[in-house]
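Listed below, chain by chain, are the residues.
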Number of protein chains: 2
Amino acid sequence: MHLDSKNHARLTCEVESTIKVIGGRWKVLIIRELMTVKRFGELLRALPGITQKMLTQQLRELEDDGIVRRQVYPQIPPKVEYELTPLGETLKPLLYAMHEWGVKYLQQKNQ
Amino acid sequence: MHLDSKNHARLTCEVESTIKVIGGRWKVLIIRELMTVKRFGELLRALPGITQKMLTQQLRELEDDGIVRRQVYPQIPPKVEYELTPLGETLKPLLYAMHEWGVKYLQQKNQ
DNA sequence: CGGTATCCTTCACGATACTG
DNA sequence: CAGTATCGTGAAGGATACCG
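In short, a report on the structure. Just so we're clear, the structure is a prediction, and the values are computed from it rather than from any experiment.

With that out of the way, let us pick up the protein's contact with DNA strand C. Around DNA strand C sit 18 residues in total, of which A:Lys53, A:Met54, B:Gln52, B:Arg70 and B:Tyr82 are the nearest. A share of 59% of the atoms of DNA strand C within 4 Å of the protein falls on sugar and phosphate groups. Here a phosphate oxygen of DNA strand C sits 2.7 Å away from a polar atom, N or O, in the side chain of B:Tyr82. Going through the elements one at a time, helix 4 (52-64) of chain A together with helix 3 (40-46), helix 4 (52-64) and strand 3 (79-84) of chain B are the ones with two or more residues in the surface near DNA strand C. Looking at the surface near DNA strand C, the element that brings in the most residues is helix 4 of chain B, giving four residues. The residue inventory of the surface near DNA strand C, partitioned by class, reads seven nonpolar, four polar and seven charged.

Here is the structure:
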């Protein structure tokens, strides 16, 4: 990829799009949990500190962005499962890259 | 890298650290601008919509996180230059990866 | 030029209660 | 179980004025 001035605007735009999708406070945590399919209540317990309201909201946003799929089983009591879409799966390498950089960052910071 | 349950906690923590550093509203835009050294006023003009207050604030945070270096030239009128630190430079591959994913995401969304 | 300081508004988020 | 609805608060951010 080039970095000349013509590409700067497009780079900006698309990097921002990515940040908007995964930059929310709980987004990466939710995506990580959904590396295996989980029910709503499981997610709630797996994310200490999140409220029901926030979990619902962030899941809806991820769903709207095509990252997460919501599977409703019409039964009593209700059962709803969440999983990554194929597009959501493509975020994994990005999360790994962010993990790698985070390691380096924390090392450098703690010196 | 593995993704067994033992690694999940560490992955989370460090991915979140990365998001905290570059997840701010203007952070990636500022970092992109600083791929070449720039003065305060140049940044202000390069980022339409940002306020002086926000630019100062985000630059200070990036400085505290070791991403950006602030170079003051003690002269009248004042001259202050900002540039990426070596650690800041290491963010470039991550921005490129985010760019790539953003391209894919926007393509899929516009279909 | 490159900032601070101050005030003000908005809204993200938490807490709580209720429901199919 | 998996939500929605409502209210309240604090912090983020904008607008404006001032300063070394």
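So, on to the side chain of B:Lys38. All names here are of chain B. Within the secondary structure, lysine 38 sits in strand 1 (residues 38-39). Taking the relative accessible area as the measure of exposure, lysine 38 reaches 15% and is therefore buried. At 2.9 Å, the side chain of lysine 38 and the backbone oxygen of glutamate 33 are in polar contact.

Here the focus is the packing of helix 6 (residues 92-109) of chain A against helix 6 (residues 92-109) of chain B. Packing of helix 6 of chain A against helix 6 of chain B brings their axes to within 10 Å, and their N-to-C directions diverge by 165°. When the interaxial angle is binned, helix 6 of chain A and helix 6 of chain B end up roughly antiparallel. Crossing geometry of helix 6 of chain A relative to helix 6 of chain B is assigned as left-handed. Contacts between helix 6 of chain A and helix 6 of chain B involve A:Leu94, A:Ala97, A:Met98 and A:Trp101 from the former and B:Leu94, B:Ala97, B:Met98 and B:Trp101 from the latter. In terms of residue class, the contact of helix 6 of chain A with helix 6 of chain B is built from eight nonpolar, no polar and no charged.

Another aspect to go through is the interface of chain B and chain A. On the chain A side, the residues contacting the 41 residues of chain B number 41 residues. Both sides together, the interface formed by chain B and chain A hides about 4,000 Å², and carbon and sulfur atoms give 75% of it. Between the two partners, chain B and chain A, sit 10 residue pairs in polar contact (both at pLDDT 80 or more). Looking at the side of chain B that touches chain A, the elements that each hand over two or more residues are helix 1 (5-22), helix 2 (27-33) and helix 6 of chain B. In terms of residues, the side of chain B that touches chain A owes the most to one element, helix 6 of chain B, which gives 15 residues. The residue inventory of the side of chain B that touches chain A, partitioned by class, reads 23 nonpolar, nine polar and nine charged.

Rules and cut-offs
- Residues numbered from 1 in each chain as written.
- Chains lettered and ligands numbered in written order.
- Predicted model: local features only at pLDDT ≥ 70, side-chain atom pairs only at ≥ 80, totals over all residues.
- Heavy atoms only, no water.
- Near = heavy atom within 4 Å.
- Polar contact = N/O pair within 3.5 Å; in protein donor to acceptor, adjacent residues only side chain to side chain.
- Helix = DSSP H or I, 4+ residues; strand = E, 2+ residues; numbered from the N terminus.
- Nonpolar A, V, L, I, M, F, W, Y, C, P; charged D, E, K, R; others polar.
- Buried < 20%, exposed > 50% of the residue type's maximum accessible area, 1.4 Å probe, protein only.
- Axes fitted to C-alpha atoms, helices over the stretch in contact; angles between N-to-C directions.
- Parallel < 35°, antiparallel > 145°, perpendicular 65-115°, else oblique.
- Left-handed = near helix turned anticlockwise from the far one by under 90°.
- Contact = heavy atoms within 4.5 Å.
- Buried area = accessible area lost by both parts, 1.4 Å probe.

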